[in-house]
Amino acid sequence: MTVEASASAKIILLGEHAVVYGQPAIAVPVSSLRVTVSATSQGKGIHIVTPDLNHALPADFQAQPVNDALALTTDLVLEKLQSPPPDLTITIRSQIPLASGLGSGAAVSTALARVLCTALDRSLDDASLNEIIYEVEKIHHGTPSGIDNTVIVYEKPVYFVRNQPIETIEIGQPFTLLIGDTGQAASTRIAVGDVRKLYEANPLQTQPILDAVGQIVVEARNCIKTGDITTLGQLMTRNHGYLQQLTVSSAHLDQLVDAALAAGALGAKLSGGGRGGNMIALVTETSKTNVHGALLKVGAVRVFETTVIG
Ligand code: PMV
């Protein structure tokens, strides 16, 4: 018998960096990029095979946290279900690039937890699953905000304010994003540190930028609920302007954002830590092919499409 389960990637839609200073942020699932886990009843005990993860690991990545996360996920699920370890060979396949702000770790743990439940013919509600994945996230991130596990477990947009309960957002109308990868690795930690320096050097100039981003995120939440995709796009582009002022964009990110807008995107911005990494463009059925081509033309190393359907 073989059973299967999956989980999606995630990306920050709005509010990165300002979220560190108590402003809200929104993250959305990337349902087109998935981890798929299959479990076959065979062998003795649990064996986990991770071909893609092993192959995709960057040279400086320590395999240990991944293995620990898999072991902890398994232990916590079995403990919650009060089940002895079943005899299973589990294979994890992932389309999600590692260490790129797409939530690969939380997605792997979520899909693994789900396949264990299915193989045991049991179920865990999303709230219990979310608690387990949050525990596992601590291995990767120390003190995770909880945004990655929540957006991935519920596979819904999430509205997040530090130290407050996370809200999922209902979607008035599905919307499509293109994710353009600069191919440039960038340290979120350094970008966050530089924003901190900027804030400390010029609090009076920086605070209004952070407040303005927070206001954008509040408005965007309403747009997502009511399905006002045009305004959502404008808010994303405005958010990018503030991220530029916070010094976390880069020439290449700006070039990708400008190309997406010129090709007809409703809005575009960098996503995540910035300075490199990914940008996102909000597109319509009619603009998406143009925007996709435009991003590749100005040097995106890959472009993913995803529709947020809630
Ligand atoms: O690149 P990601 O998805 O890990 O996002 C980083 C988001 C920041 O706001 C820049 C940092 C943070 O801890 O919230």
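Everything below is about the structure shown above.
Rules behind the numbers
Residues numbered from 1 in each chain as written. Predicted model: local features only at pLDDT ≥ 70, side-chain atom pairs only at ≥ 80, totals over all residues. Heavy atoms only, no water. Phe/Tyr/Trp six-rings, centres within 6.5 Å; stacked < 30°, edge-to-face > 60°. Helix = DSSP H or I, 4+ residues; strand = E, 2+ residues; numbered from the N terminus. Lys NZ or Arg CZ within 6 Å of the ring centre and 35° of its normal. Near = heavy atom within 4 Å. Polar contact = N/O pair within 3.5 Å; in protein donor to acceptor, adjacent residues only side chain to side chain. Areas by Shrake-Rupley, 256 points an atom, 1.4 Å probe, with all protein chains shown as cover. Nonpolar A, V, L, I, M, F, W, Y, C, P; charged D, E, K, R; others polar. Expected span 1.5 Å × (residues − 1). Buried < 20%, exposed > 50% of the residue type's maximum accessible area, 1.4 Å probe, protein only. Arc of directions from axis to C-beta. Contact = heavy atoms within 4.5 Å.

(A) Representation of the packing of aromatic side chains in the model. For the structure shown, the criterion picks out one aromatic pair. Seen in terms of ring centroids, Tyr21 and Tyr199 are 5.0 Å apart; in terms of plane orientation they differ by 40 degrees. Their pairing is tilted. With Tyr21 in the loop between β1 (2–14) and β2 (25–40) and Tyr199 in helix α6 (residues 188–201), the pair connects residues that are 178 residues apart, well separated along the chain. The residue whose ring lies beneath Arg221 is Tyr159, and the NZ or CZ to ring-centre distance is 3.9 Å.

(B) Representation of the site of the ligand in the model. All residues adjacent to the ligand are Lys10, Ile12, Glu16, His17, Val19, Val20, Gly101, Thr188, Val192, Gly272 and Gly273. Contacts to the ligand include Gly101, whose backbone N or O atom sits 3.4 Å from an oxygen atom. Between the ligand and Gly273, the relevant distance is 3.4 Å, taken from an oxygen atom to a main-chain nitrogen or oxygen of the residue. Protein chains shield 69% of the accessible area of the ligand, which is 380 Å² for the free molecule. For the shell around the ligand, the secondary-structure elements that each account for two or more residues are β1 and α6. In terms of residue class, the shell around the ligand is made up of four nonpolar, five polar and two charged.

(C) Helix α9 (residues 251–262), seen in detail. The end-to-end C-alpha distance of α9, which contains twelve residues, comes to 16 Å, matching closely the 16 Å that a straight helix rising 1.5 Å per residue would cover. For α9, every residue scored as buried is listed here: His252, Leu253, Leu256, Val257, Ala259 and Ala260. Here the buried residues of α9 occupy an arc of 165 degrees about the axis, which is enough to place them on one side. Residues of α9 that are exposed and angled more than 90 degrees away from the buried face: Ala251 and Ala262. Contacts made by the buried residues of α9 are with α8 (229–245), β8 (267–271), β9 (278–283) and α10 (288–297). Trailing α9 by a residue or two, Gly264 shows a phi angle of about 110 degrees, which is positive.

(D) A look at the environment of Thr182. Mapping Thr182 onto the fold places it in the loop between β7 (175–181) and α6. Thr182 sits 93 residues away from Arg275 along the chain, and the two C-alpha atoms are 9.4 Å apart. If we skip the residues at most four places from it in the chain, Thr182 touches His252, Leu253, Leu256, Gly276, Gly277, Gly299 and Val301. Engagement of the side chain of Thr182 in a polar contact is seen with the backbone oxygen of Gly277, the distance being 2.8 Å.

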